[in-house]
Amino acid sequence: MALDFLILYEHTVREYESDLLLKLELERRGYTVRIRQLLDAKDLRLFGKDKPEVLVASCMYDNEAINSHVYNNIGKCNKIVNLHWEQMLSDTQEEGDWFNMNGNAKRCVQTCWGQRTAQRLQAHGMDAKNTPVTGAVMMDFLRPEFKGYFKDKETLCKEFGLDPAKQLHLYISSFGYASMTDQEVAELSKMAGTDFSGFARTNRVSMEKTLAWFDRYLGDHPEVELVYRRHPSEWKCKALDELAAKRPNFHVIFADSVKQWIVAADSISIWMSTAIAEVYMAGKSCHILRPTPIEHEYDPVIYAGANRISLVIACDNKPGALYDILSKLAALGINMTKLESCPVTGRNFEFIFFLELEASVLEPGVLPMLEELERSCQNFQFLGNYAEV
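Residues numbered from 1 in each chain as written. Predicted model: local features only at pLDDT ≥ 70, side-chain atom pairs only at ≥ 80, totals over all residues. Heavy atoms only, no water.

### Considering the sheet that holds strand E6 (residues 167-172)
- Across the sheet, which stays open at both edges, the five strands sit in the order E8-E7-E6-E9-E10 with parallel pairing between neighbours. The open sheet has two edge strands, strand E8 (250-252) and strand E10 (287-288), and neither has a second partner.
- Where E6 and strand E9 (residues 267-270) come together, four bridges link them in parallel fashion. Bridged to Tyr171 within E9 is Ser269. (Pairing = 2+ DSSP bridges. Helix = DSSP H or I, 4+ residues; strand = E, 2+ residues; numbered from the N terminus.)

Below, the structure written as structure tokens:
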């Protein structure tokens, strides 16, 4: 029997669930459909009578991707659809060549989440008929029609040995470069024609500081279960194993889709993952944790406007100590929207303070001011720079 559609996926937890829903809808309309993993050695290539009329791929940016996704699997194909999973880009990426399709990729159908992507691709030479606005396929299970599809918090926690009575905090990581060696980064840079060495260093520093934050936080808050959700390209690393061994309430879990964990979580934080779109679609908000600024050319535009900073500090028990801290904020014209104090248990007349500021680490003087506070305060915890939604 002739095959109408072959859907190729790369990462199971990221794509398979949404691809399966697409398959069921196509079959409902009378088409024959198969799903298979890209370059799966257990599956034969389809060059014969089972060759599909249409190939649906997860990414299709240039001729090299066409060779990998198309020619190596089914040979020549004139009908190719790219589900185009990466559409939350930095302004630099939006103007560059890679994400605006090159070579024969411009002849493929590129599904677009919205008019912004369609107009960008058309401005870079793509035909309007090949840039249909379909919405984001991976968001479909978060639509109201699928309410009740995901497991609730209690069911999910019990499945993975977590305490459902505790607060469930989800951290969505994207430190893919942190686990790469310098040689691997150099090879990737050469292949892409872009130097990723600086961004790789930012990955490593950010991951190290974030895990240090989690270590301190979980030690102070045993009532929290923290699930660390690694990126599909982020390999398991020694630092994660060590923190999981040290803190019983720190869990590295990659099973189930990120949407499942978003729906179940009580609170969410992110570094720079595009899963922030799924957080918003699920009707939730999140904190953006940035221990060090991300290079502008890699920072997705959706993160623009992060104008709130949260801090926890403890200053010396002496006259004027808090005033010295507040004067640093006043010198930069920073508005403080919240100041709360909490007595230190067992230490008379000593307090820790929670501060919320209207500021961004990208503003002039803010990062040096935070570094000065870290040096001068007895205790300093930077909780994140984020935008409230």
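Let's pick the thread back up.
### Thoughts on the sheet that holds strand E5 (residues 109-110)
- Strand order across the open sheet formed by five strands is E2-E1-E3-E4-E5, with parallel pairing between neighbours. Every interior strand has two partners, whereas the edge strands, strand E2 (33-37) and E5, have only one.
- The strands that helix H1 (residues 12-28) touches are strand E1 (5-9), E2 and strand E3 (54-57); relative to E1, the one it contacts most, it runs at about 165°.
- Where helix H2 (residues 63-74) meets the sheet, it contacts E1, E2, E3 and strand E4 (80-82), and its direction lies at approximately 140° from that of E3. (Contact = heavy atoms within 4.5 Å. Axes fitted to C-alpha atoms, helices over the stretch in contact; angles between N-to-C directions.)

### Let's talk about the side chain of Arg290
- The topology assignment puts Arg290 in the loop between E10 and strand E11 (308-314).
- Of note is the side chain of Arg290, whose polar atom sits 2.9 Å from the side chain of Asp299. (Polar contact = N/O pair within 3.5 Å; in protein donor to acceptor, adjacent residues only side chain to side chain.)

### Some remarks on the environment of Phe5
- In this structure, Phe5 sits in strand E1.
- When the C-alpha positions of Phe5 and Arg107 are compared, they lie 18 Å apart, and in sequence the two are 102 residues distant.
- For Phe5, the residues in contact, after removing those within four places along its chain, are Leu26, Tyr31, Thr32, Val33, Arg34, Pro52, Val54 and Val56.

### Observations regarding the pattern of salt bridges
- What the rule picks out here adds up to 20 salt bridges.
- For Lys153, the salt bridge identified is with Asp266, shortest N-O distance 2.6 Å. Residue Lys153 is found in helix H5 (residues 153-159), and its partner Asp266 is found in the loop between helix H9 (258-264) and E9; the two are separated by 113 residues along the sequence.
- Judged by relative accessible area, which is 44%, Asp266 ranks as partly exposed.
- Between Glu278 and Lys259 there is a salt bridge, with its nearest N and O atoms 3.6 Å apart. (Salt bridge = Lys/Arg side-chain N within 4 Å of Asp/Glu carboxyl O. Buried < 20%, exposed > 50% of the residue type's maximum accessible area, 1.4 Å probe, protein only.)

### Some remarks on the nonpolar core
- Within the largest apolar cluster, 46 residues are counted, with the highest numbers of intra-cluster contacts made by Phe214, Tyr228, Phe250, Ile309, Leu311 and Leu370.
- Of all the elements in the fold, those that place two or more residues in this core are helix H7 (197-220), strand E7 (224-229), helix H8 (238-246), E11, helix H11 (321-331), strand E13 (351-358), helix H12 (366-376) and strand E14 (379-386).
- No other element matches the seven residues that H7 contributes to this core.
- When near neighbours in sequence (up to four residues on either side) are disregarded, Leu311 contacts Phe353, Phe354, Leu355, Leu357, Leu370, Leu373, Phe380, Gln381 and Phe382. (Core = buried A, V, L, I, M, F, W, Y, C linked by side-chain atoms within 4.5 Å.)

### Structural notes on the pairing of E11
- Burial runs high along E11: seven of the seven residues are buried.
- Burial of E11 is two-sided: the residues Arg308, Ser310, Val312 and Ala314 facing one way and the residues Ile309, Leu311 and Ile313 facing the other way are all buried.
- Of the strand pairs in this sheet, E11 and E13 are connected by six bridges, and their pairing is antiparallel. Each bridged residue has a counterpart across the sheet, and for Leu311 the counterpart in E13 is Leu355.

### Section: the packing of helix H6 (residues 182-192) against H7
- Relative orientation of the contacting elements H6 and H7 amounts to 140°, with a least axis distance of 10 Å. Between H6 and H7, the angle is such that the two are oblique. For the pair H6 and H7, the sense of crossing is right-handed. On H7, the residues touching Asp182, Val185 and Ser189 of H6 are Ser197, Ala200 and Arg204.
- Looking at the contact of H6 with H7, its residues break down into two nonpolar, two polar and two charged. (Parallel < 35°, antiparallel > 145°, perpendicular 65-115°, else oblique. Left-handed = near helix turned anticlockwise from the far one by under 90°. Nonpolar A, V, L, I, M, F, W, Y, C, P; charged D, E, K, R; others polar.)

### Regarding the pairing of E6
- Here E6 lies mainly inside the structure; five of its six residues are buried.
- Note that E6 and E7 share six bridges and pair parallel. Residue pairing in the sheet places Leu170 in a bridge with Val227 of E7.

### A short note on the state of the cysteines
- Applying the stated criterion to the full structure yields zero disulfides.
- Here Cys112 stays unpaired: no disulfide links it, and the sulfur of Cys108, its closest cysteine neighbor, is 13 Å away.
- Cys315 supplies the cysteine sulfur nearest to Cys342, a cysteine that is in no disulfide, at a spacing of 14 Å. (Disulfide = S-S within 2.5 Å.)

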